[in-house]
Amino acid sequence: MNQSAPLNDDLRSLYQEIILDHGKSPRNFRVVEHASCKAQGNNPMCGDRVTVTARVSPAGVLEDVAFEGKGCAISIASASMMSEALAGQPAAVAQQLFAAVHDLCTGKLDADQAKAAVPPVLGDSIDKLASLSGVRQFPVRVKCATLPWHALISCLDGKTQTTTEK
Ligand code: ZN
């Protein structure tokens, strides 16, 4: 297994700052107006519950992504960064970015490798989302970080419920 290197202390504290910032002041914490889909995600292991709403244009662009809910700082920060990263992007990019985020969270990819796996326009988003990679040592926390993404993918697939317990 090709694991990425452990985080150094500087990166670790930068990552903690980003998560605290988004966890305390989440972006797009609301309901999307005229949403084309809505899905709820539930992570019973931690008690995180998020509801993601999104509006997809006829051309397949994610015009708006937002979320509401209650959860730990990791789940809220992940949802907040997700909503910022994907607004204005083609809906098809959501799955691609989720795959990269998942691999960051499990330690399969580091930030540079994750950047190479997504369209270049998402490079800045990966810099922020890489802050979630601190959860790699805590498998339970990986579910917190990926919960909003599961909810968004369900939303785009037209499903209304998702859970990390599958
Ligand atoms: Zn959590």
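See the structure printed just above.
Remember, predicted model here, so these are calculated numbers, not experimental data.

Cut-off values and rules
Residues numbered from 1 in each chain as written. Predicted model: local features only at pLDDT ≥ 70, side-chain atom pairs only at ≥ 80, totals over all residues. Heavy atoms only, no water. Core = buried A, V, L, I, M, F, W, Y, C linked by side-chain atoms within 4.5 Å. Buried < 20%, exposed > 50% of the residue type's maximum accessible area, 1.4 Å probe, protein only. Helix = DSSP H or I, 4+ residues; strand = E, 2+ residues; numbered from the N terminus. Donors = N, O, S within 2.8 Å, 3.2 Å for Na, K, Ca; no water. Axes fitted to C-alpha atoms, helices over the stretch in contact; angles between N-to-C directions. Parallel < 35°, antiparallel > 145°, perpendicular 65-115°, else oblique. Contact = heavy atoms within 4.5 Å. Nonpolar A, V, L, I, M, F, W, Y, C, P; charged D, E, K, R; others polar. Pairing = 2+ DSSP bridges.

Caption draft 1: Examining the nonpolar core more closely. Ranked by size, the top nonpolar core spans 49 residues in total, and within it Ile74, Leu86, Leu97, Leu129, Leu132, Trp149 and Leu152 carry the most contacts. The leading source of residues in this core is helix H6 (residues 139–157), at 9 residues.

Caption draft 2: Spatial organisation of the coordination of the zinc ion. Distances from the zinc ion to its protein donors, namely Cys46 (SG), Asp48 (OD), Asp48 (OD), Cys72 (SG) and Cys144 (SG), fall within the range 2.2 to 2.7 Å. Given the relative accessible area of 32%, cysteine 46 is considered partly exposed.

Caption draft 3: Highlighting the packing of helix H1 (residues 9–24) against helix H2 (residues 73–86). In contact at an axis separation of 8 Å, H1 and H2 are set at 85 degrees when each is read in the N-to-C sense. Relative to H2, the element H1 is oriented roughly perpendicular. Here Ile18, Ile19, His22 and Gly23 of H1 lie close against H2, whose contacting residues are Ala73, Ile74, Ile76, Ala77, Ser80, Met81 and Glu84. Residue classes in the contact of H1 with H2 are distributed as 7 nonpolar, 3 polar and 1 charged.

Caption draft 4: Looking closely at the pairing of strand S2 (residues 48–56). The pairing of strand S1 (residues 37–43) with S2 spans 7 bridges and is antiparallel. Along S2, the bridge assignment pairs glutamine 40 with threonine 51. A loop of 4 residues connects S1 with S2, the two strands running antiparallel in sequence, and glycine 47 in this loop sits at a positive phi of about 90 degrees. When S2 meets strand S3 (residues 62–70), the two strands line up antiparallel, connected through 8 bridges. Each residue of the ladder has a partner; that of valine 50, found in S3, is glycine 69. Adjacent in sequence and paired antiparallel, S2 and S3 are bridged by 5 residues, among which glycine 60 carries a positive phi angle near 85 degrees.

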